[in-house]
There are 4 protein chains.
Amino acid sequence: MAFFSDLMSTLFERRPSAPAGASQRPVTELCEALLSSQGEVSGVRLARDILSHYRAMPAENRRAFFDYLAQSLDLDPNAVIEAAKRYGETHAPGDLARLSREAEPRRQELFRRLNQAPGATETLVRMRLDLLRLLPEAPGLGVIDTDFQHLFASWFNRGFLVLRHIDWRTPANILEKIIEYEAVHAINDWHDLQRRLRPEDRRCFAFFHPAMPEEPLIFVEVALCKGIPGSVQSLLAEERELETGFDTAVFYSISNCQEGLRGISFGNSLIKQVVEEVKRDLPQITCFVTLSPIPGLARWLKDQSNPEAATLLAANDPAALHPLAEDLRRLTAEYLLNAKRPDGLPADPVARFHLGNGAILHQVHALADVSANGLRQSRTAMVNYLYDPEKVEQNNESFVTRRKVAASKQVQALIVPRNTTGRKK
Amino acid sequence: MAFFSDLMSTLFERRPSAPAGASQRPVTELCEALLSSQGEVSGVRLARDILSHYRAMPAENRRAFFDYLAQSLDLDPNAVIEAAKRYGETHAPGDLARLSREAEPRRQELFRRLNQAPGATETLVRMRLDLLRLLPEAPGLGVIDTDFQHLFASWFNRGFLVLRHIDWRTPANILEKIIEYEAVHAINDWHDLQRRLRPEDRRCFAFFHPAMPEEPLIFVEVALCKGIPGSVQSLLAEERELETGFDTAVFYSISNCQEGLRGISFGNSLIKQVVEEVKRDLPQITCFVTLSPIPGLARWLKDQSNPEAATLLAANDPAALHPLAEDLRRLTAEYLLNAKRPDGLPADPVARFHLGNGAILHQVHALADVSANGLRQSRTAMVNYLYDPEKVEQNNESFVTRRKVAASKQVQALIVPRNTTGRKK
Amino acid sequence: MAFFSDLMSTLFERRPSAPAGASQRPVTELCEALLSSQGEVSGVRLARDILSHYRAMPAENRRAFFDYLAQSLDLDPNAVIEAAKRYGETHAPGDLARLSREAEPRRQELFRRLNQAPGATETLVRMRLDLLRLLPEAPGLGVIDTDFQHLFASWFNRGFLVLRHIDWRTPANILEKIIEYEAVHAINDWHDLQRRLRPEDRRCFAFFHPAMPEEPLIFVEVALCKGIPGSVQSLLAEERELETGFDTAVFYSISNCQEGLRGISFGNSLIKQVVEEVKRDLPQITCFVTLSPIPGLARWLKDQSNPEAATLLAANDPAALHPLAEDLRRLTAEYLLNAKRPDGLPADPVARFHLGNGAILHQVHALADVSANGLRQSRTAMVNYLYDPEKVEQNNESFVTRRKVAASKQVQALIVPRNTTGRKK
Amino acid sequence: MAFFSDLMSTLFERRPSAPAGASQRPVTELCEALLSSQGEVSGVRLARDILSHYRAMPAENRRAFFDYLAQSLDLDPNAVIEAAKRYGETHAPGDLARLSREAEPRRQELFRRLNQAPGATETLVRMRLDLLRLLPEAPGLGVIDTDFQHLFASWFNRGFLVLRHIDWRTPANILEKIIEYEAVHAINDWHDLQRRLRPEDRRCFAFFHPAMPEEPLIFVEVALCKGIPGSVQSLLAEERELETGFDTAVFYSISNCQEGLRGISFGNSLIKQVVEEVKRDLPQITCFVTLSPIPGLARWLKDQSNPEAATLLAANDPAALHPLAEDLRRLTAEYLLNAKRPDGLPADPVARFHLGNGAILHQVHALADVSANGLRQSRTAMVNYLYDPEKVEQNNESFVTRRKVAASKQVQALIVPRNTTGRKK
């Protein structure tokens with residue numbers, strides 16, 4: 001096993017070093033040289049030079065560089081048309097190859113050749129992030145993003161990802177990034193991190209890519225519990241008693257780490273694999289749920305005309321929400337079950353993610369996140385999505401094909417009475 | 001370091017396991033299901049089923065499967081033409097994305113999705129090998145190969161390859177493959193292998209890909225010597241004395257391992273990286289040469305009308321070649337320097353490889369490979385190609401752009417006298 | 001985990017290198033210098049020099065070296081007596097320290113200081129082996145062995161041993177030693193080894209010591225079976241069908257590797273730990289047995305006066321033993337149950353080992369090892385010792401305190417009828 | 001390599017787990033059972049129980065436990081005397097073995113057997129620490145310490161220690177201990193730690209023992225510099241410029257980690273090995289020095305009657321010491337060169353350590369540690385000890401045999417002028 005795992009070390013040891021005498025030629029000239037080089041003899045050096053140029057570039061030069069990529073390295077539609085016509089007639093492999101070549105902007109070949117340099121993958125991911133940030137003001141550069149997406153979908157294919165257990169024995173430089181990338185319930189410092197990783201009832205898992213071994217792609221934090229929890233503050237309480245008899249694994253935080261990989265989705269694979277991992281190590285765990293935020297709830301409440309919504313929005317602190325808990329739960333259930341986007345999918349992004357993975361809406365809680373952020377975005381409400389390994393495929397199927405939001409009886413019951421008494425809608 | 005290297009273990013541990021109840025549905029139906037599945041929830045299972053179906057398929061079914069891939073999952077030229085026209089008008093990112101999608105046969109998406117399953121990369125490489133073997137009789141299937149090449153060039157990008165030192169401490173299952181894949185000077189058994197790996201004056205390096213950690217892609221065997229050797233038998237002699245004062249690293253055998261990756265070239269990267277590796281570990285080594293076979297020599301001699309060639313071809317054993325050594329060296333030099341393919345590149349494939357990497361023709365030896373194979377293919381002649389790290393880029397440039405075969409003075413001298421005086425000095 | 005496991009690499013990388021200019025001083029002078037050196041500054045160099053001297057010594061010099069160790073580095077009994085008297089009076093810690101010092105031959109301190117050098121532990125173990133071979137002719141050197149035993153018992157304390165799974169992915173240099181050290185059923189070559197390691201129903205485990213990471217100390221080969229096997233040839237048959245539904249782990253070969261560690265016992269720890277390991281990985285395995293040779297049986301039969309024994313001894317091949325199987329099983333049971341050494345323990349060494357570990361005599365087989373060796377030492381008979389994790393401690397207790405040989409009813413029944421009725425059933 | 005490094009994992013994975021049903025028998029009874037057990041079948045369980053009892057013991061019970069060890073498990077001086085007499089007569093190996101046995105308190109065998117349990121070594125080291133803390137009030141328990149020292153010197157033999165590079169990629173649980181154990185220049189928090197480990201001009205190395213893989217034994221922090229530095233604050237300055245052209249490695253902090261291993265010295269081995277490590281990785285580094293505190297200086301100044309000493313002691317802050325720098329340097333040199341203990345060794349403990357390792361006194365600095373602690377213990381003075389690999393053995397020899405304090409000309413010059421001008425003494 002060890003031999004195979006050591007495979008990585010070579011990649012790793014060859015991180016970008018200070019390029020002794022980086023070329024002074026303009027970066028576009030270097031790109032042309034790289035694209036026209038035959039044989040790879042000088043390719044690595046050119047790739048390294050270009051990337052090191054790029055990293056040192058001031059913002060305005062980056063814009064010029066992207067303009068060059070978008071304009072000078074695009075495909076030629078007429079050549080594509082001609083090649084497609086020809087292939088339509090012959091269906092010959094050689095003509096398909098030619099069509100493939102013509103239909104691929106030269107940028108893709110540039111990116112592939114750049115990727116030969118040590119540490120290149122990470123830089124290319126950051127390059128796309130720079131691009132994404134420019135897009136609002138320069139939408140035409142979107143053509144570059146099309147190529148990034150195409151390449152990254154191939155390079156970051158799930159088959160190449162590696163799941164790693166993150167704990168207090170993980171190298172500090174990785175843990176530092178867990179602190180930095182946590183996007184749901186902020187980790188304040190190393191002591192806070194320790195509380196998330198060290199106790200026996202905590203787990204953390206992340207996906208990595210072999211070519212970026214120091215950069216987690218996505219990670220999930222897991223709490224082992226007895227029963228399904230309804231409050232994230234008690235889940236994370238510093239002084240909490242360590243329970244025994246765990247039967248439930250709670251995914252209470254999932255964070256994407258690489259903005260430069262936006263749109264390349266890892267989340268569903270991650271949860272699925274973590275469920276398997278936990279089942280194998282802890283066979284006594286039989287229930288897999290999330291304790292999830294509801295980022296769109298407050299916004300939706302604002303658009304409602306009913307007085308309960310207004311009252312909920314008016315509450316200034318958790319205490320004020322206490323007597324309104326029933327209303328909050330009811331309206332939350334209504335939001336999650338019935339609020340839709342134009343395409344018929346749930347309005348709430350977290351709901352779309354978990355339901356799309358085959359989870360069901362299991363339970364809704366008021367006063368579950370009493371932090372300032374929890375109050376702001378969802379009036380303290382949170383929700384459990386339940387992953388039943390036996391049913392995820394079927395749930396996913398119904399969700400994708402029929403837009404059906406699977407929900408437990410409890411959650412359905414929250415909104416039913418209203419329908420029968422006719423007091424609503 | 002260790003953490004990062006351990007990244008691989010997860011991939012590795014999840015090798016294909018016996019699929020409990022593999023689906024009984026026809027494989028093409030499974031492919032359609034995989035291609036149409038939204039979300040990846042069932043994707044891994046479908047991918048695993050398809051690959052396990054494929055592995056168990058009798059040859060005739062494979063042919064049918066490839067026919068399906070070629071015909072049913074092709075692109076639609078008219079859709080490409082339409083998308084190309086539209087993009088030609090708008091140059092909008094969305095239209096480029098559509099064009100990219102239309103110009104890519106659905107096979108590629110199928111292969112990417114298949115690759116989600118554990119161990120899939122290896123199976124896909126073997127699938128291409130099966131395909132390559134079918135091509136002579138079914139050239140139309142070549143359209144599938146176009147897609148394989150496109151994907152593999154992306155997946156096996158040099159930036160993802162890992163160089164590993166192979167020695168007597170390497171796991172046996174890897175060593176077993178070194179024995180199996182050695183293509184130049186056969187390794188007879190484990191004792192022979194030991195002689196290639198264990199002595200202080202031997203080194204071996206291989207490239208691996210993280211997703212196929214038990215399969216070397218290409219490897220090179222190196223002998224450390226004092227001076228440049230001119231006989232492979234004395235280099236490999238079982239009883240040889242261990243020299244001291246090494247100053248030369250001899251690449252005496254380079255073997256590609258994966259026929260399914262034909263056309264995805266690793267060799268030049270490998271040599272370049274090994275040179276760097278050896279220089280770092282053994283700064284006293286200053287000379288890097290090959291001791292290479294000349295596979296095309298005997299064939300070329302047959303086509304020559306001069307009597308020396310005929311005499312050389314008539315020699316039945318090395319002893320008979322002894323008195324002809326000078327002629328052999330001269331004609332070898334002539335072959336390597338002057339015999340060309342229609343495209344102007346050297347006729348000899350090994351020469352093309354090393355000269356294309358920036359090496360020069362350094363020395364020519366008679367009676368250098370007296371094995372049956374050496375006698376047959378090159379009348380015992382061998383050649384040293386020299387890699388001068390300072391000059392490889394420049395040599396490569398001249399070779400690629402001007403078809404120039406760089407050669408040492410000694411080698412040039414071998415043919416000059418004959419031209420001027422009509423006989424050897 | 002990986003960090004901790006990497007701890008070893010440093011030790012390992014610093015294997016003995018060719019000592020540039022090893023001292024020309026006599027080795028005894030170097031030993032005195034090492035013993036008198038204060039501070040460790042020169043200690044490592046001296047230790048390295050002494051060990052490298054030792055390794056290069058011709059046999060006769062070794063004898064002289066051992067004489068020096070035995071005579072010049074012994075303790076002084078009078079000084080011990082004086083120190084003991086003083087401690088008897090004062091019971092002061094300082095006086096105990098002095099007594100400890102005086103009661104320890106200077107050899108021990110020498111060995112400890114020698115052990116500072118890279119690779120020293122291995123050399124010291126080999127030094128003891130050299131000593132053991134000299135003992136028959138020079139019994140007085142036995143005083144040195146007393147010190148070796150004392151030190152090695154401390155250094156090779158079970159708490160420092162590491163259990164490793166050995167399989168086809170194990171480094172070749174370790175596997176080579178498995179072939180070499182196999183002492184029960186010889187491994188012919190690498191293909192034979194592969195048959196012992198690679199199939200799904202085979203396991204192998206070894207103990208290592210961190211300071212000798214390339215040298216297994218002891219290893220056990222395990223076959224997974226359905227039911228308890230009664231023939232080692234069918235167990236090892238090359239063409240055997242792979243069974244499913246394993247419920248039994250058979251320890252069919254246990255080999256000590258280091259003669260230089262004779263008397264430092266690892267075997268019982270090994271079996272106990274392997275049982276735990278197998279139980280964890282394969283919970284369906286519930287039965288743990290050996291298939292063991294009976295090295296003392298033929299010798300014992302020779303000493304018996306009954307005609308059955310004579311007939312058994314006269315049989316020239318397995319076929320001839322076929323009709324005698326019942327007699328063979330009965331006499332084997334009698335031998336194992338009743339033949340004793342003067343100290344009341346079983347005469348058979350393998351029986352002593354397993355019964356001493358808490359196993360019971362479970363079943364006796366005729367025609368179980370039909371190899372030449374099996375025929376010679378036990379007329380083809382073999383025996384299963386059964387390890388019932390629940391009962392090993394209790395069995396061990398009875399065996400150690402009351403010399404009780406625990407046996408199954410079947411085995412007991414083999415000899416009972418004969419006693420009561422004078423003839424078989 | 002990886003296989004061998006993985007050896008450790010087994011040890012590691014078997015850390016003490018919650019003992020399911022730890023025995024309720026008194027711990028002394030368990031000790032007797034462990035000592036009298038034959039075979040190791042129940043030994044591990046007993047050892048685990050005893051250690052888990054010990055860990056849970058309140059302080060008063062520990063005292064009783066140590067009393068038991070001291071009194072009930074001591075040796076019998078009369079039996080030693082008798083065995084020594086006998087061996088004096090016979091010089092027979094068997095009699096030496098008996099003497100060895102009798103001269104060893106049974107405690108040692110108990111500790112060896114305890115060490116079979118997982119994680120035992122760490123607990124035994126902590127047990128000795130508990131003992132050391134009791135010694136002032138119960139000096140008679142010192143007999144136990146004699147045994148601990150004897151065993152630990154054998155177990156923690158330098159040949160078993162492993163040097164590890166500590167950096168920002170080291171597991172967090174190890175780094176946490178570096179923060180905790182730093183004894184010279186306190187590390188405030190994780191950010192401070194990062195500044196010590198991450199920059200290119202910083203290194204850190206630690207010794208580990210395979211049986212305590214998560215506990216550093218001793219570590220040294222190294223700064224790479226251009227020239228020899230004279231101020232620890234500028235060395236550690238947060239905002240410092242990164243220099244290039246390093247030629248000097250500065251050992252600016254060495255910390256022993258395990259009080260329970262007091263007296264088992266690792267420091268000199270560590271420095272020697274780190275020098276080799278740095279030389280190999282960074283051949284441009286040619287100068288190896290410390291920047292060391294002078295813990296005994298202020299105390300010594302108090303005992304001096306000269307007015308300069310009094311003035312130095314009266315200075316309240318670094319600023320006040322500025323004009324006194326020359327006096328401070330001179331008196332520091334005098335202290336380090338001339339102040340001795342009764343045994344003739346330097347009065348300063350840090351001086352004893354480095355001079356004893358073969359370093360020389362290279363330079364003395366005023367205002368080199370302006371922290372509160374630096375002011376208190378040495379009036380801001382610090383000293384460079386220089387390790388010249390070529391001369392350490394010879395320096396060590398002179399120091400050990402002739403008590404000679406090797407010093408550079410500059411340091412010697414600091415005190416010479418006074419002698420020549422006659423103003424002093």
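As shown above, the structure is provided for reference.
Residues numbered from 1 in each chain as written. Chains lettered and ligands numbered in written order. Predicted model: local features only at pLDDT ≥ 70, side-chain atom pairs only at ≥ 80, totals over all residues. Heavy atoms only, no water.

(A) Structural detail: the environment of A:F266. Relative to the elements of secondary structure, A:F266 occurs in the loop between β4 (248–256) and α13 (267–281). Apart from the residues within four sequence positions on either side, A:F266 is in contact with A:F156, A:L161, A:F207, A:L217, A:I218, A:N256 and A:L261. (Helix = DSSP H or I, 4+ residues; strand = E, 2+ residues; numbered from the N terminus. Contact = heavy atoms within 4.5 Å.)

(B) Representation of the packing of aromatic side chains in the model. Going through the model one piece at a time under the given rule, you end up with 50 aromatic pairs over all chains. Considering the side-chain rings of B:W190 and C:W190, the 4.2 Å spacing of their centres and the 5 degrees angle between planes classify their relative orientation as stacked. Of this pair, B:W190 sits in helix α11 (residues 190–197) while C:W190 sits in helix α11 (residues 190–197), each in a different chain. The pair B:W190 / C:W190 is uniform in exposure class, with both members buried. Here B:W300 and B:Y335 contribute two aromatic rings whose centre-to-centre distance is 5.3 Å and whose plane-to-plane angle is 40 degrees, an arrangement assigned as tilted. Here B:Y335 lies in helix α17 (residues 325–338) and B:W300 lies in helix α14 (residues 297–302), a separation of 35 residues in the sequence. An identical accessibility class is assigned to B:W300 and B:Y335; each is buried. Pairwise contacts between aromatic rings join A:F111, A:F148, A:F152, A:W155, A:F156 and B:F160 into one cluster. Cation over ring: C:R62 sits above C:Y54, and NZ or CZ is 4.5 Å from the ring centre. (Phe/Tyr/Trp six-rings, centres within 6.5 Å; stacked < 30°, edge-to-face > 60°. Buried < 20%, exposed > 50% of the residue type's maximum accessible area, 1.4 Å probe, protein only. Lys NZ or Arg CZ within 6 Å of the ring centre and 35° of its normal.)

(C) Expanded view of the interface of chain D and chain C. Contacts between the two partners involve 86 residues from chain D and, on the opposite side, 86 residues from chain C. For the chain D and chain C pair, buried surface summed over both sides reaches about 7,200 Å², with 63% attributable to carbon and sulfur atoms. The interface formed by chain D and chain C contains two salt bridges. Linking chain D to chain C there are 12 residue pairs in polar contact (both at pLDDT 80 or more). (Buried area = accessible area lost by both parts, 1.4 Å probe. Salt bridge = Lys/Arg side-chain N within 4 Å of Asp/Glu carboxyl O. Polar contact = N/O pair within 3.5 Å; in protein donor to acceptor, adjacent residues only side chain to side chain.)

(D) Fine view of the nonpolar core. Counting 225 residues, the largest nonpolar core has A:F156 and B:F156 as the members making the most contacts within it. Counting 224 residues, the second-largest nonpolar core is a separate cluster that includes C:L312, C:A325, C:A407 and D:L297. (Core = buried A, V, L, I, M, F, W, Y, C linked by side-chain atoms within 4.5 Å.)

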